[in-house]
Structures are given as structure tokens and as C-alpha cells.
Amino acid sequence: MKKPLVIANWKMNLDLKDRLQLAQKYHTELGRLKKVEVVICPSFLSLVSVGQAVKASNLKIGAQDVFWEETGAYTGEESPELLRDLDCQYVILGHSERRQHLGETNEMVNKKAIACLDNDLTPIICVGETLADRQLNETYNVVFSQLDQALANLDMVNTDQLVIAYEPVWAIGTGQVANPDLVEPVLELIEQVLVDHFPLTIVKNNVRLVYGGSVDAENVGQFSQLDLVNGFLVGGASLDIAEFKKIVKQLY
Ligand code: PGA
């Protein structure tokens, strides 16, 4: 069994002071944990302060986005090198909120994923269908093409790591909890796409699948029982340290 991974996606929540305080609480409550890998993803603006707050701990830091170029005239963007310099180890890519509000495409996710691996950052590639997709029986087609395109020309070597987050869009931030029976076949499809792209040993040893969408302390157990789930991408519940700790504790 791979070490469980729990990613706290703080999104654009909290002010600077509250983010720092929350990071300090993470440090106190979860900083020594070894059995579960916990990654905090604050917005760009708080990467430095949160990174410093959890520096002497086992907690890891991730960004919520990155650009694919190294440097230059790209107003509003940040480079993979810069994230590495800040001791970031992970980057969330293709989150449904970015796909929906900022026009992030599969092609962009692909370029970002390649740039991440080139810079020793682990991409967390998010895929998932909308409610309309599901009602039209398009779930598998949508998830397949999101992932297939995101992984195009992505070469993974032994030292590279990759995370795929399956998040049904209709379950994100809605409190609508997916039935694990619906989740399992999508994870199987994801694994198949991975096997089509990478050698089996890489898929087995270097890729983790996580689930996300209104995950909380009450429902996490249903999903952690699924064989293919190696962890979780948690939004709302990651803003409350007590709730988040309860989620993490159920994984070891
Ligand atoms: P949620 O968010 O846990 O609030 O549904 C998950 C996510 O967007 O990654």
C-alpha cells in the first residue's frame, strides 16, 4: 500500500493572517505525522509565509497553479523554478474551478505537467465530469480525454512522481457526496489510461490516485476503502484543522 496522501486545497480562502495561523495549527497538530503525507496548497501569495510556518515539520507545500515557461513576459504568472525555490513540491493542475472560470484547457494542463516534471515538481492533475456530462452518460469519455490529453508526451523517469485527482465537479464544494460505486469504475478507467501511457512499474510505484469532492471526516471512510484510492484532495474541510485532522487520522 502506498503511503496515503492528503492534499489541503485552501483555494482563495482566508486573509493573510488567518492563512498563517492555520498553517501554524497544521504544524502543531500534524507536523510530526509520518504515516500520512500532508500537502498544504495555499495561494501564491501565501506560499512563503505558510512554507516558513511549516518548515521544520513533515508537512509539504504545493501551489494551486503554475505557468509552463521559465521566465519572461507572462503577466500574472509564476514559473516552476520559482515554486521550486520556495520549496514547493506539488502543483495542482487543471482544477475544475480553473477549467470553469479561467479557461484552463487539457492542452494547458499538459504543458504545465511537463514543466512541473522538468523542475522536480509533482503535478496533481485534476479530472472529473460535470453533472451534465454524467447525465448525458459522458463521464468516461470526458475523464478519458482530460487525462489522455494531459499525459501526452509526458515522460516519467524513476525519480518522477505524479498524482491524479478524480473529482466529480458536481461533488466539489456542494456537500453532494458521490456514491463510491460510481467512483470506483472511473478510477479503474484512470488506471487504464495510466497504463496506456507509462510502464507498469512507474504506474505502480510513482503514481497515486486521490479522490476529491466534499470529502469530510464523516464520508472519508467510504472512499478510503476503495482499492485504487491512495488519498484525498480536500477543499472546504481543510480550512478547519479539527475536521481535517479527523480525516487524516482515519487513514492510518
Ligand atoms: P471540496 O473541494 O472538498 O470543498 O469539495 C475539493 C476541491 O476542490 O479540490
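See the structure printed just above.
Read on for a plain summary of the structure. Note that the coordinates shown come from a computational prediction; the quantities given were computed from them, not determined experimentally.

## Considering the site of the ligand
Around the ligand, 13 residues are found, and the nearest of them are K11, H95, E167, G173 and S214. K11 places a polar side-chain atom, nitrogen or oxygen, 2.7 Å from an oxygen atom of the ligand. In this structure, an oxygen atom belonging to the ligand sits 2.8 Å away from a main-chain N or O atom of G235. When its residues are assigned to classes, the shell around the ligand shows 4 nonpolar, 7 polar and 2 charged.

## Digging into the pattern of salt bridges
Counted according to the given criterion, the structure contains 11 salt bridges. In this structure, K11 and E97 form a salt bridge, with 2.8 Å as the shortest nitrogen-oxygen distance. One end of the pair, K11, is in the loop between strand 1 (5-9) and helix 1 (16-30); the other, E97, is in helix 4 (residues 96-102), with 86 residues separating them in the sequence. Here R134 ties to E129 by a salt bridge, and the two come within 2.8 Å at their closest N and O atoms. A cluster of three or more residues bridged by salt bridges with shared partners is formed by D65, R98, E104 and K112.

## Considering helix 1
Note that an α-helix has 3.6 residues per turn; residues three or four places apart therefore point the same way. Spanning 15 residues, helix 1 covers 21 Å between terminal C-alpha atoms, matching the ideal 21 Å at 1.5 Å per step. Taken together, the buried positions of helix 1 are R19, L22, A23, Y26 and L30. Buried residues in helix 1, looked at end-on, bunch into an arc of 105°, giving them a common side. Exposed positions of helix 1 whose direction lies more than 90 degrees from the buried face are K17 and T28. Where helix 1 is buried, its residues contact strand 1, strand 2 (37-41), helix 2 (47-53) and helix 11 (241-249).

Rules behind the numbers
Residues numbered from 1 in each chain as written. Predicted model: local features only at pLDDT ≥ 70, side-chain atom pairs only at ≥ 80, totals over all residues. Heavy atoms only, no water. Near = heavy atom within 4 Å. Polar contact = N/O pair within 3.5 Å; in protein donor to acceptor, adjacent residues only side chain to side chain. Nonpolar A, V, L, I, M, F, W, Y, C, P; charged D, E, K, R; others polar. Salt bridge = Lys/Arg side-chain N within 4 Å of Asp/Glu carboxyl O. Helix = DSSP H or I, 4+ residues; strand = E, 2+ residues; numbered from the N terminus. Expected span 1.5 Å × (residues − 1). Buried < 20%, exposed > 50% of the residue type's maximum accessible area, 1.4 Å probe, protein only. Arc of directions from axis to C-beta. Contact = heavy atoms within 4.5 Å.

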